[in-house]
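Working through the structure, step by step
Here's the letter readout for the chains.
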Amino acid sequence: MHLRRRDMAVLSGQASKRGSLILAPPSSIEAPLSPIKPVQITVLEARDLKGVKGDTPVTYVRAEYNGVILGDSLKIDVSSDGTVKYNFTTSFEYNSDGPNSLDDIAHKPLFLTVIEVLPKEKKQKEEKTVALGQAVVDLLPLLEGQCSFRATVPLHPVPGSPLESLRPDAKCGLEVSVSIQESLLSVSQLSGGNLLRVTLEAAYSVPEVFVPTGPQQNYMVCLQVPTVGEKEYPLAFKNGILKLGGEKEPIPRPKKWPISNILAPGAQNIPDSFIVGGPYEEEDGELNKTEDREFRIQAESIKKRIVWDLERRCYLDPPAVLSLQKRIAECRYWPVEITRVPVVTSTKGKSSKLDKGDDDGQIFFHGVAYVNMVPLLYPGVKRIRGAFRVFAYQDSEVFGKTKCLFSILRDLGHQANLNKLGPVIAAASSPHSKAMPSRNQKEDKMTKEKDVLRKMSTTLKSQVSETAIETEATVCQNLEGQQYVDAGTFLVMEIELAKALVPKRLPEELASRVKEMIPPRPQLPRRSAGAKKHAVVKIVREKYLRTTAFNNLEQLQAFLSELYVYLVDQMHIALNQILSQESTVVASPTFTSCEQLRLFAHEAEVNEDYALASVYYQERLARDRQIVQHWLDYGAFCLLMEENIKAQECFREALSLNPSHLHSLLLCGIIAVMMEHYEEAEIFFEDATCLEPSSILSWTLLGLFYEIQENDIRVEMAFHEANKLLKARLAKEKNITEAAEGGGKKLHTVSATVLRTVTSPQEDTLLVMKKTSGGALDPSHAVALVPLSGLSQPSHTIFMETIHFLMEVNALQFVHRALAHELLCQQEGPSCEYYLVLAQTHLLKKDFSKAEECLREAIQIDYLNPNAWAQKGHLCYLSGNLSEAKECYERTISFVTDASEIHFVYLRLGSIYLKEKEYDKAKRTYMLACKKSSSCLTWLGVGIACYRLKEIAEAEDALSEANALNNNNAEVWAYLALVCMQGGRQLEAEQSYKYAMKLELKNEELLQEIHEVQRMVGFGNPSF
């Protein structure tokens, strides 16, 4: 494959960053290996033999290799038990420059034919022989570094042989040993070389003009690979068998040797090598999508096909491995050509026109498939298999796709040359020859073939220099090749390497590296001293109502004495309860759970009270530092605050608690990227994919990381894996849904009115309670369940799934990259979901104009999406347009499906109602919020609304609930002061007022109202 040279700076740059594709030269100088080495073969014995003329025939063994007869053994009688000891030794010479090169040893086996000598009849001058069976010895162990091996190989009967009728338990075979004096491969060749296997299975859905009748045709497929250095070597698979449709090819079925002159049909099969197939969705090629499944099934069972089932092996020395890596990185796609060549026979003394050279070099039905070889550059990948569409061969298209300047079939020669070069280009199943050549004949033949190749090489050089990539207007239309496209023809191929071109880190290595960076932490002992101190402070404040300093020492001493007596009494009560048999220990109640604290912290974030949010996150950690999620949530908050060092500490602390926690690994990788610690980031992301290979999130983030590193091949690898997992999951969900709907074809429907009308507070409350008892519905699932509502289907892409996670953890740097990919993969334009996320990022930056543009687009795409209206309400609320915000929020809560964060819709709509003095609506809205997820702010809203409605008792109850959830809210204490003054409770009113002042009440209007009520009732302010 002659390619235009390109600057390899990109490839070498990638290699220098991450696990170089370039193999380092050996550190020590090795002694040169001999170019010629004898390979010795010894046939020791045969078992379970049976002859034509009886059970004790006279037999001998003939050894053949690479088309040359190596020799015959002595003629020995078979014993009565069917065994015979030949002890026959022969050899052939391995030659690094050929014949019998490393490539020959890779794909050409040794043939051992057992021949029976028939008894002479009267007047018979020469003895007659008949072949009984043929055995095949695979020499591959010699390419794996072995200097000797021993094997028992089956003896396959030739057609009509008595070996076909052996008893079932008979194991007819030969025991063979193979040895060489020194290894065929040097240490550097063993470590840096590779073995390439190319398996051509079949071409399916071939053109209708291909018929088994009429002139004989040779169906051929050809491609090139580098074998020695950068030299290209053509591989041809010849004599495919045309089959009519009607049944599927059996699975598994054996792969066959690409060798001619095999006498026994069973000897054509490569030992322990099978075509096993697999699900279409797991293939690497084309036609592997769900919509292609029906076509694949029909093509592989009903339509015509050409079957080869051949495996061709190639040994690649270290320079060839590097050349292969470079070619794949440069060209990505490999051209695989297909043609149909008429089999031309000539009578003795006459030659055909083609043999005379009168043909015009035309290639019939010339097609090409493009095999994407890039997956072989993925870490750890050794095999690709799949279906590849066949297109009409056009020079410009082939060059544009593969950078290949010439056609192997056309420019290496037409049909006559292909026939002549059959053995040279590894022709599979070439026409059988009756006589086997001798060693001298073989050498003469190889010399002639080298001369032919040399002449053709010279011709090619001139052709390549003259070949220009023509435009479509000047290119001769390949009408025959177009029939492949019309018929939907595709090749099924497999390309496999013995070793991955790019090694992959082992999971154990990655786990060890992570452990080195973040060692596990021992559990910290709980401390109780702080809790005791806090309890005493609480008693002082709540029982004795002391919040200010003492004026003199006497007051302090008196107070301490009284406090001491109280604490001793309480201690005695507690001890009596413990020692009493009748008493039951009651745990002290905890008013807030860790989940509630998480909600309170999120509320504070949304309200931009970041100091309070930090307090809540730290309170969760103080309660239990051993919970991973507490550290992750606080770390995500630190990311929002752009405190990357704190975030890194949190994520690493979480990972030290559980080294197998997926989100901890991913967040460690994300913060490592943000801090430009790329080597660490790669380890974290790779470890995540090894820890949970089925995680779409892990593979997508790994792909985004490789994109930052500008490693396009690994980006493709990671995204391909993520997409494959997503397809599998969606197919599984579809099957589950169809099974659930199976019998009655039940469809989820809604009433014609998408919006629910709130006729009364009681009715709306009932609806919300009903939804709450059944669990909150996820918006994406709700979209899928109510298609008649007009809601758009959720965007099923790997990027949108990743974006939701990234938004939750405030990793905006990755969000923008993922959004860019999401935009590109939406064929019908950006989705509503895309615009909503983009609007959210603009809201975080206070870029209200851009957020408004995004929300306008989102609503235009999906007018009935509650999340779109909720975000528009937030935008209007933050920009001060409360009237429009109110309309948007009211529309949001009217939908059958709740918005994803309905809690904040209730809070902000309730606050708008309070400002507009619509206290009934405010109370109802805040009550909905309390039933969804209660917090200090929701109960405070209820309390304020009830107070304004003169429902003092209900107001006090609501404010007490708010105070129990957060006793550091100044407004709660302020309204408690108002309630107590309205009830005439002076001491409690003054104490509540003190707390409000100590917590720095900032609502001036509320403070002025308190002062007016204090003047009106005559108490409430201790300074009076």
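Reading guide: rules and limits
- Think of each chain on its own: its residues are numbered from 1, step by step along the sequence as written.
- Only residues with pLDDT of at least 70 get local features here, since the model is predicted, and only at 80 or more are side-chain atom pairs given and counted; chain-wide, interface and lining totals rely on the full set of residues.
- To get the side-chain values, all heavy atoms of the structure are used, and hydrogens and water are removed first.
- Under the DSSP-based scheme used, a helix requires at least four consecutive residues in state H or I and a strand at least two consecutive residues in state E, with every element numbered from the N terminus.
- In this scheme, a residue with accessible area under 20% of its type's maximum is buried, one over 50% is exposed, and one in between is partly exposed, where area comes from a 1.4 Å probe on protein chains only.
- Here, residues are in contact when the closest pair of their heavy atoms is within 4.5 Å.
- In these tables, accessible area is a Shrake-Rupley quantity obtained with a 1.4 Å probe, and a residue counts as shielded only by the protein chains included in the view.
- Angles here are taken between N-to-C directions and fall from 0 to 180 degrees, while the axes themselves are lines fitted to C-alpha atoms, restricted in helices to the stretch in contact.
- In this scheme, roughly parallel covers angles under 35 degrees and roughly antiparallel covers those over 145, while 65 to 115 is roughly perpendicular and the rest are oblique.
- Crossing handedness follows the turn of the near helix against the far one: under a right angle anticlockwise gives a left-handed crossing, and clockwise gives a right-handed one.
- Ten residue types, Ala, Val, Leu, Ile, Met, Phe, Trp, Tyr, Cys and Pro, are classed as nonpolar, four, Asp, Glu, Lys and Arg, as charged, and the remainder, Gly among them, as polar.
- Whenever a carboxyl oxygen of Asp or Glu lies within 4 Å of a side-chain nitrogen of Lys or Arg, that contact is scored as a salt bridge.
- Should DSSP find at least two bridges between two strands, the strands are regarded as paired.
- To estimate how far a helix should extend, the number of its residues minus one is multiplied by 1.5 Å.
- Nine residue types can take part in a nonpolar core, namely buried Ala, Val, Leu, Ile, Met, Phe, Trp, Tyr and Cys, and a core is a set of them joined through side-chain atoms within 4.5 Å.
- Side-chain atoms alone can form a polar contact between residues adjacent in sequence; in general such a contact is a pair of N or O atoms within 3.5 Å, and within protein one must be able to donate a hydrogen while the other accepts it.
- Between the rings of Phe, Tyr and Trp (Trp by its six-membered ring), a pair exists once the centres lie within 6.5 Å; its type follows the angle of the planes, with under 30 degrees stacked, over 60 edge-to-face, and the other angles tilted.
- By the criterion adopted, a ring carries a charge over it if an Arg CZ or a Lys NZ lies within 6 Å of its centre and within 35 degrees of its normal.
- Across the chain, each position has a pLDDT score giving the predictor's confidence in that residue, from 0 to 100.

The next subject is the overall build of the protein chain. In terms of regular secondary structure, the protein chain is built from 36 helices and 21 strands. In the protein chain, buried positions account for 47% of the 1024 residues. Within the protein chain, counting contacts between residues at least 6 apart in sequence, those at least 24 apart form 72% of the total. Of the roughly 51,500 Å² that the protein chain leaves accessible, carbon and sulfur atoms contribute 53%.

Take the packing of helix H16 (residues 628-640) against helix H18 (residues 662-674) next. H18 packs onto H16 with a crossing angle of 25° between their chain directions and a minimal axis gap of 11 Å. Taken together, the axes of H16 and H18 lie roughly parallel to each other. The element H16 and its partner H18 pack so that their crossing is left-handed. From H16, Val628, Leu632 and Leu639 reach across to H18, where they touch His663, Ser664, Leu667, Ile671 and Met674. Tallied by class, the residues present in the contact of H16 with H18 amount to six nonpolar, two polar and no charged.

In this section: the pattern of salt bridges. In total, this model carries 51 salt bridges according to the counting rule given. Salt-bridge contacts for Glu643 lead to Lys646; the nearest nitrogen and oxygen are separated by 3.8 Å. Residue Glu954 pairs with Lys923 through a salt bridge whose shortest N-O separation is 3.0 Å. Linking Glu954 in helix H33 (residues 952-965) with Lys923 in helix H31 (residues 919-933), this pair joins segments that are 31 residues apart in sequence. When salt bridges with common partners are traced through the structure, they connect Glu201, Lys248, Arg253, Glu283, Arg296, Glu300, Asp309 and Arg385 into a single cluster.

Attention now moves to the sheet that holds strand S8 (residues 148-154). Strand order across the open sheet formed by four strands is S5-S1-S10-S8, with antiparallel pairing between neighbours. Edge strands, defined here as strands with exactly one partner in the open sheet, are strand S5 (84-95) and S8. For this sheet, the mean angle separating the axes of adjacent strands, direction not counted, is 20°. The pairing of S8 with strand S10 (residues 173-179) spans seven bridges and is antiparallel. Bridging across to S10, Val153 finds its partner in Leu174.

Quick look at helix H19 (residues 678-691) now. With 14 residues, H19 ought to run about 20 Å at 1.5 Å a step, and its terminal C-alpha atoms sit 20 Å apart, in line with that. Most of H19 is tucked away, with 10 of its 14 residues classed as buried. Looking only at H19, the buried set comprises Ala681, Glu682, Ile683, Phe684, Phe685, Glu686, Asp687, Ala688, Thr689 and Cys690.

Moving on, we get to the nonpolar core. Of all hydrophobic cores here, the largest spans 186 residues; its most connected members are Trp308, Leu491, Phe685 and Leu701. Broken down by element, this core gets its largest block of residues, 11 residues, from helix H34 (residues 970-982). Apart from residues no more than four positions distant in its own chain, Phe685 is found in contact with Leu666, Gly669, Ile670, Val673, Leu701, Leu702, Phe705 and Phe814. Within the second largest apolar cluster, 41 residues are counted, among which are Val39, Leu110, Leu139 and Leu184.

Next up on the list: the pairing of strand S2 (residues 58-65). In terms of burial, S2 is largely enclosed, as six of its eight residues are buried. Where S2 meets strand S4 (residues 76-77), two bridges bridge the pair, whose relative direction is antiparallel. Within S4, the position partnered with Val58 by the bridge is Asp77. Pairing analysis gives eight bridges linking S2 to strand S6 (residues 110-117), with the strands arranged antiparallel. Paired with Tyr60 across the strands is Ile115, a residue of S6. Relative to strand S3 (residues 68-72), S2 is paired through four bridges, and the arrangement is antiparallel. Its bridge partner lying in S3, Ala63 is registered against Gly71. Connecting S2 to the next strand, S3, in antiparallel fashion are two residues, including Asn66 with a positive phi near 55°.

Here we take up the environment of Ser656. Residue placement: Ser656 occurs in helix H17 (residues 644-657). Placed 139 residues apart in sequence, Ser656 and Met517 show a C-alpha to C-alpha distance of 9.6 Å. One polar contact links the side chain of Ser656 to the main-chain carbonyl oxygen of Glu653, over a distance of 2.6 Å.

This part covers the packing of aromatic side chains. Counted by the stated rule, this structure contains 19 aromatic pairs. Over the ring of Tyr333 we find Lys401; its NZ or CZ atom is 4.5 Å from the centre of that ring. Across from the ring centre of Tyr370, 5.8 Å away, lies the NZ or CZ of Lys401, which sits over that ring.

Following both chains from N to C, one finds helix H32 (residues 936-948) and H33 inclined at 160°, their axes separated by 8 Å at the closest point. Classified by the angle between their axes, H32 and H33 sit roughly antiparallel to one another. When the axes of H32 and H33 are compared, the crossing they make is left-handed. Between H32, through Cys936, Trp939, Leu940, Val942, Gly943, Cys946 and Tyr947, and H33, the contact on the second element is made entirely by Ile952, Glu954, Ala955, Ala958, Leu959, Glu961, Ala962 and Leu965. Grouping the constituent residues of the contact of H32 with H33 by class yields 12 nonpolar, one polar and two charged.

A few words on the environment of Ala202. Tracing the backbone through its elements, the reader meets Ala202 in strand S11 (residues 194-204). Residue Ala202 is classed as buried on the basis of its relative accessible area of 0%. Taking the C-alpha atoms as reference, Ala202 lies 6.7 Å from Arg305; in sequence the two are 103 residues apart. Apart from residues lying up to four places away in sequence, Ala202 is in contact with Ile306, Val307, Trp308, Phe490, Leu491 and Val492.

Attention now goes to unusual backbone geometry. Omega for the bond connecting Ile251 with Pro252 falls within 30 degrees of zero, at -5°, which places this linkage in the cis form. A positive phi angle is found at Lys846, which is not glycine, with a value near 65°. Assessed through its relative accessible area of 40%, Lys846 is described here as partly exposed.

Another aspect to go through is the confidence of the model for the protein chain. Looking at the protein chain as a whole, its pLDDT mean stands at 81, while 79% of the residues score no less than 70. Ignoring residues within four places in sequence, the model shows residues 1-29, a span with pLDDT below 50, making 50 contacts including any to other chains.

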